[in-house]
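# A structural walkthrough
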Amino acid sequence: MRLLRDAVAQEQQRIERMIEGYELKLSSLPKGTLVTKSIRGNQYYYLQYRDGKRTVSEYIGKDDERVAQLQEQIEHRKHIQTMLKALRKEYATAQKMLEVST
């Protein structure tokens, strides 16, 4: 039984390190969504996100390269958020297993 408890404890520590790493990476990525506004036939791109109760629209420009890069970063952020959700669920399961085994 001790071997199983040690394995679960090690897994929990690994999950903690992964969560910390993902949260650090998440803080460097832009939050929000990319919005396109058409004004007089021209396409303008904005990054829209919440700041407390306010919705902020940050002008990005017309540059397709910058927009593509930003879209890639936003997709990466969504992927990391999905991973964090799964890791937190695994962490809770490991915590329950450790509580039961003691």
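Residue numbers here run from 1 along each chain, matching the order of that chain's written sequence. In view of the model being predicted, local features appear only for residues whose pLDDT reaches at least 70, and side-chain atom pairs are presented and counted only at 80 or more, with totals across whole chains, interfaces and linings using the full set of residues. To obtain the side-chain values, all non-hydrogen atoms of the structure were included, while hydrogens and water were left out.

### Let's talk about the side chain of Arg77
Secondary structure elements follow DSSP: runs of H or I no shorter than four residues count as helices, runs of E no shorter than two count as strands, and numbering proceeds from the N terminus. Relative to the helices and strands, Arg77 resides in helix H2 (residues 64–101). Relative accessibility decides the category of a residue: with a 1.4 Å probe and only protein chains considered, values under 20% of the type maximum give buried, values over 50% give exposed, and everything between is partly exposed. Charge counting treats Lys and Arg as positive and Asp and Glu as negative, with His and both chain ends excluded. Here a salt bridge means any side-chain nitrogen of Lys or Arg lying within 4 Å of a carboxyl oxygen belonging to Asp or Glu. No salt bridge forms around the buried Arg77; measuring N to O, its nearest opposite-charge neighbour Glu23 is 11 Å away. Residues adjacent in sequence count toward polar contacts only when both atoms are side-chain atoms; beyond that, a polar contact is any pair of N or O atoms within 3.5 Å, and within protein one must be able to donate a hydrogen and the other to accept it. Within polar-contact distance, the side chain of Arg77 engages the backbone oxygen of Leu26 at 2.8 Å. Among the polar contacts listed, one links the side chain of Arg77 to the backbone oxygen of Leu29, at a separation of 3.0 Å.

### Details of the sheet that holds strand S3 (residues 54–61)
Note on pairing: two strands pair once DSSP finds at least 2 bridges between them. What the three strands build is an open sheet, ordered S1-S2-S3; its pairing is antiparallel. Two strands lie at the open edges of the sheet, namely strand S1 (33–39) and S3, each paired on one side alone. Averaged over all pairs of adjacent strands, the angle between their axes in this sheet comes to 35 degrees, without regard to strand direction. As paired strands, strand S2 (residues 42–51) and S3 are joined by seven bridges and run antiparallel to one another. Every angle, taken between N-to-C directions, lies between 0 and 180 degrees, and every axis is a line fitted to C-alpha atoms, over only the stretch in contact when it is a helix.

### Here's the deal with the environment of Leu24
The residue Leu24 is located in helix H1 (residues 2–28) in this model. Sequence separation between Leu24 and Val67 is 43 residues; the distance between their C-alpha atoms is 23 Å.

### Comments concerning H1
Over its 27 residues, H1 runs 40 Å from end to end, which matches the ideal 39 Å to within 8%, given 1.5 Å per residue. As for H1, its buried residues are in contact with H2. Multiply 1.5 Å by the residue count of a helix minus one, and that product is the helix's expected span. By definition, residues are in contact when any of their heavy atoms lie within 4.5 Å.

### Side note on the packing of H1 against H2
Remark: H1 packs on H2, axes separated minimally by 9 Å, with the N-to-C direction vectors making an angle of 155 degrees. Comparing the axis directions of H1 and H2 gives the class roughly antiparallel. For H1 against H2, the interelement crossing comes out left-handed. In what follows, roughly perpendicular refers to angles from 65 to 115 degrees, roughly parallel to angles under 35, roughly antiparallel to angles over 145, and oblique to any angle outside these ranges. Should the near helix be turned anticlockwise from the far one by less than a right angle, the crossing is termed left-handed; should it be turned clockwise, right-handed.

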